[in-house]
Amino acid sequence: MEEDTIVLYSSTEHLNSLSALAVSIANHRPSISVVLIGTAASAPIAAAPSITYRRLPTPADLPSPISHPVELCFEVPRLNNQNLRETLDEISQKSNIKAIVIDFFCNSSFEVCTSLNIPTYFCNTTSAFGLCAIFYWQTIHETTPAGDFEGFIEVPGCPRIHSSDIPKSMFYRQSNSYKHFVSTSMNMRRSAGIVVNSYHALEFRAFEAMANGLCNPGGTTPPVYSLGPFVAGKNNAESECLRWLDSQPIKSVVFLCFGRRGVFSGKQLKEMALGLENSGYRFLWAVRIPPGSAAREETDLEALLPEGFMERTKDRGMVLKSYAPQMEVLSHESVGGFVTHCGQCSLLEAVSFGVPMIGWPLYAEQRMNRVFMVEEMKVALPLEEETEDGFVTAAEVEKRVRELMDSDTGREVRRRVTELKHSAAAAVARGGSTMVAMEKFMEAVIRG
């Protein structure tokens, strides 16, 4: 008898999130096998007998030049469609594929999957507010005159979003990235459903707007399943920074970490250092070496930062080169604030551990996420950029750190995050919103 299988298809950009989703599905329904497909050499999946990883080759015929990283994220799956079809054919010879869940960057595979009569779901790894924007983008495309993306943009279920906070790849109608976003919006409306890396209490307004059909006026909206947070388990590895945190007072440390691509110029790093020093607060700061910098070793961090900074702050600060075990740090009782690039996984980890944030977006949808975090969720304070290229002064860093750690505004953000920490725990507990949504998703998949 063929076993029932759910296939997850991920871009390299979102492999960690879909790997965590694979583990969630396997834990919820061990009798169903899960096959994760991607182009990475391996997937970060905890040992689970019901999960396997299938690697597709990286396409050799990528067009040159690729004008934007977002375009590349969409183009790799498009050029892999034939390899995907062959892989799905192989899987179907041994298994009964009940559904496929595709990362939204894998939108080009939608026609392949549906042509094989496989119920096809989208996985939205950004926020539910971000899902409202993507889902509604077809309507914006059809109703907004070309070139008229100035001022505020109205999206159901969201606070007003200024055009400067929307990813530029969603603006230029002649670009391939724009065409991919519109196509994704159209295919999402035709899908069997949408899985979201979030939970209901965090973004209830967005989930309600989707459920009530406001993001597809005059049309139908597929079911939306809030299955988040997709949070990988903590590893128990020892780390010097964790031992350092053990010696710090409770909720006294500001943690600064900006994801895999969070690289700043040397000038910006110096401003950040001065702001942290002048704030007077304890800090743990993960610094990635800027491209082209001569600094390559741990000791060379001193060359990137203001002269004498490391010595002056050695009793209350720690600077790491490149890597910090983010989840382990955020869960530590000494951490009282988090300066983040506003990625969805970082947001969910911080909320899950009750850590208030300062939003410093760098790329992709992160500026839009900051709007949601500050204005709607009320879990973060914004950093104000001085220039159009996003430069932030030392005075602004100092001001926001002080505000987060010791002001009425900061205390209100902390109170709100504490509430949502309990909501996150309730969501993944028995009978919680995430568990109920997972059961509904599995029932829909099994029914086919």
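Here is what the cut-offs are and how they apply
- Each chain carries its own residue numbering, running from 1 in the written order of its sequence.
- The predicted nature of this model means local features are confined to residues of pLDDT at least 70 and side-chain atom pairs, given and counted, to a pLDDT of 80 or more, with totals for whole chains, interfaces and linings taken over all residues.
- Heavy atoms throughout the structure, all of them, feed into the side-chain values; hydrogens and water do not.
- UniProt positions are given in the numbering used here, feature names are shortened, and annotations may be inferred rather than shown by experiment.
- At least two DSSP bridges between two strands are needed for those strands to be called paired.
- Strands are runs of DSSP state E lasting at least two residues, helices are runs of H or I lasting at least four, and both sets are numbered from the N terminus onward.
- The convention used is that axes are lines fitted to C-alpha atoms, helices contributing only their stretch in contact, and that angles between N-to-C directions extend from 0 to 180 degrees.
- The criterion used for residue contact is that any of the two residues' heavy atoms lie within 4.5 Å.
- Only protein chains enter the calculation, and the probe is 1.4 Å; a residue is then buried if its accessible area is under 20% of its type maximum, exposed if over 50%, and partly exposed in between.
- Arc definition: directions from the helix axis to the C-beta atoms.
- Stacked, tilted and edge-to-face pairs are distinguished by plane angle, under 30 degrees for stacked and over 60 for edge-to-face with tilted covering the rest, among Phe, Tyr and Trp rings (Trp via its six-membered ring) whose centres lie within 6.5 Å.
- One less than the number of residues in a helix, times 1.5 Å, gives the span that helix is expected to have.
- The split of the chain into domains comes from an automatic or database domain assignment.
- By buried area we mean how much accessible surface two parts lose on assembly, using a 1.4 Å probe and totalling the loss over both.
- Throughout this description, the term salt bridge denotes a Lys or Arg side-chain nitrogen within 4 Å of a carboxyl oxygen of Asp or Glu.
- Polar contacts, as used here, are pairs of N or O atoms within 3.5 Å; protein pairs need one atom able to donate a hydrogen and one able to accept it. Residues neighboring in sequence count only if both atoms are side-chain atoms.
- Nonpolar residues are Ala, Val, Leu, Ile, Met, Phe, Trp, Tyr, Cys and Pro. Charged residues are Asp, Glu, Lys and Arg, and all others, Gly as well, are polar.

The protein appears in an unreviewed UniProt entry as Glycosyltransferase from Erythranthe guttata. According to its UniProt record, the protein has this under Sequence similarities (unreviewed entry): "Belongs to the UDP-glycosyltransferase family."

Caption draft 1: Seen up close, the sheet that holds strand E8 (residues 193-196). Spatially, the seven strands line up as an open sheet ordered E3-E2-E1-E4-E5-E8-E9, and their pairing is parallel. The open sheet has two edge strands with one neighbour each: strand E3 (51-55) and strand E9 (224-226). With direction set aside, neighbouring strand axes in the sheet form an average angle of 25°. As judged from the seven bridges shared by strand E1 (residues 3-9) and strand E4 (residues 95-103), these two strands associate in the parallel manner. Its bridge partner being in E4, Ile-6 is matched across the sheet by Ala-99. The strands touched by helix H17 (residues 433-447) are E1, E4, strand E5 (120-124), E8 and E9; relative to E9, the strand with the most contacts, the crossing angle is about 140°.

Caption draft 2: Just helix H7 (residues 204-211), in detail. Listing the buried residues of H7 in full gives Ala-206, Phe-207, Ala-209 and Met-210. End-on, the buried residues of H7 take up no more than an arc of 160°, which puts them together on one face. Of the surrounding elements, those touching the buried residues of H7 are helix H5 (128-143), E8 and E9. Trailing H7 by a residue or two, Gly-213 shows a phi angle of about 75°, which is positive.

Caption draft 3: View of the packing of aromatic side chains. What the rule picks out here adds up to 14 aromatic pairs. For the pair Phe-258 and Phe-264, a centre-to-centre distance of 4.8 Å together with 80° between the ring planes defines the contact as edge-to-face. Accessibility expressed as a relative area gives 2% for Phe-258, which makes it buried. With a centroid separation of 6.4 Å and an interplanar angle of 90°, the aromatic rings of Trp-285 and Phe-309 are classed as edge-to-face. Placement of Trp-285 in strand E11 (residues 282-287) and of Phe-309 in helix H11 (residues 309-312) is noted, with a sequence separation of 24 residues between them.

Caption draft 4: Structural view of the sheet that holds strand E12 (residues 317-321). On the basis of which strands lie adjacent, the open sheet formed by six strands has the order E12-E11-E10-E13-E14-E15 and parallel pairing. Each having just a single partner strand, E12 and strand E15 (380-382) make up the two edges of the open sheet. In this sheet, adjacent strand axes meet at a mean angle of 20° when their direction is disregarded. The strands touched by helix H9 (residues 266-279) are strand E10 (253-257) and E11; relative to E11, the strand with the most contacts, the crossing angle is about 165°.

Caption draft 5: Expanded view of helix H6 (residues 176-190). Under the 1.5 Å per step criterion, the end-to-end length of H6 is 21 Å for 15 residues, consistent within 8% with the ideal 21 Å. Every buried residue belonging to H6 is among Ser-177, Tyr-178, His-180, Phe-181, Val-182, Thr-184, Ser-185, Asn-187, Met-188 and Arg-189, and all of these are buried. On its buried face, H6 sits against helix H2 (69-79), helix H4 (110-115), E5, H5 and E8.

Caption draft 6: Summary view of the pairing of E11. Judged by how many residues are buried, E11 sits mostly within the fold: five of six residues are covered. With four bridges joining them, E10 and E11 adopt parallel strand pairing. Residue pairing across strands places Val-253 opposite Arg-282, the latter belonging to E11.

Caption draft 7: Representation of the domain arrangement of the protein. Along its sequence, the protein is organised into domain 1 (4-232 + 430-447) and domain 2 (240-425). Between domain 1 and domain 2 lies a buried interface of about 2,200 Å² when both sides are counted; carbon and sulfur atoms form 65% of it. Area buried by domain 1 at its contact with domain 2 is led by Asp-165, Tyr-199 and Leu-202, which between them contribute 26% of it. The interface formed by domain 1 and domain 2 contains four salt bridges. The partner of Arg-260 in a salt bridge is Glu-13, with the nearest N and O atoms 3.8 Å apart. Taken together, the links from domain 1 to domain 2 amount to seven residue pairs in polar contact (both at pLDDT 80 or more). Here the side of domain 1 that touches domain 2 is built from residues that sort into 13 nonpolar, eight polar and five charged.

Caption draft 8: Region of interest: the environment of Met-272. Along the chain, Met-272 turns up in helix H9. Taking relative accessible area as the criterion, Met-272 reaches 0% and is therefore assigned buried. Along the backbone, Met-272 and Val-397 are 125 residues apart, and their C-alpha atoms lie at a distance of 6.5 Å. Among residues more than four places away in sequence, those in contact with Met-272 are Leu-256, Phe-258, Phe-264, Trp-285, Trp-360 and Val-397.

Caption draft 9: Main features of unusual backbone geometry. With an omega dihedral of 0°, the bond running from Gly-228 to Pro-229 counts as a cis peptide bond. Looking at the secondary structure, you find Pro-229 in the loop between E9 and helix H8 (240-246). For Asn-117, which is not glycine, the phi dihedral falls at a positive 60°. Tracing the backbone through its elements, the reader meets Asn-117 in the loop between H4 and E5. What makes Asn-117 exposed here is its relative accessible area of 68%. A positive phi angle is found at Ala-364, which is not glycine, with a value near 55°. In this structure, Ala-364 sits in the loop between strand E14 (357-359) and helix H14 (366-377).

Caption draft 10: Inspection of the pattern of salt bridges at higher detail. Following the criterion strictly, the structure yields 21 salt bridges and no others. One salt bridge in this structure joins Glu-277 and Arg-312, with 2.5 Å as the shortest N-O distance. Pair noted here: Glu-277 is in helix H9 and Arg-312 is in helix H11, with a separation of 35 residues, a long-range link. Its relative accessible area of 46% is what places Arg-312 among the partly exposed residues.

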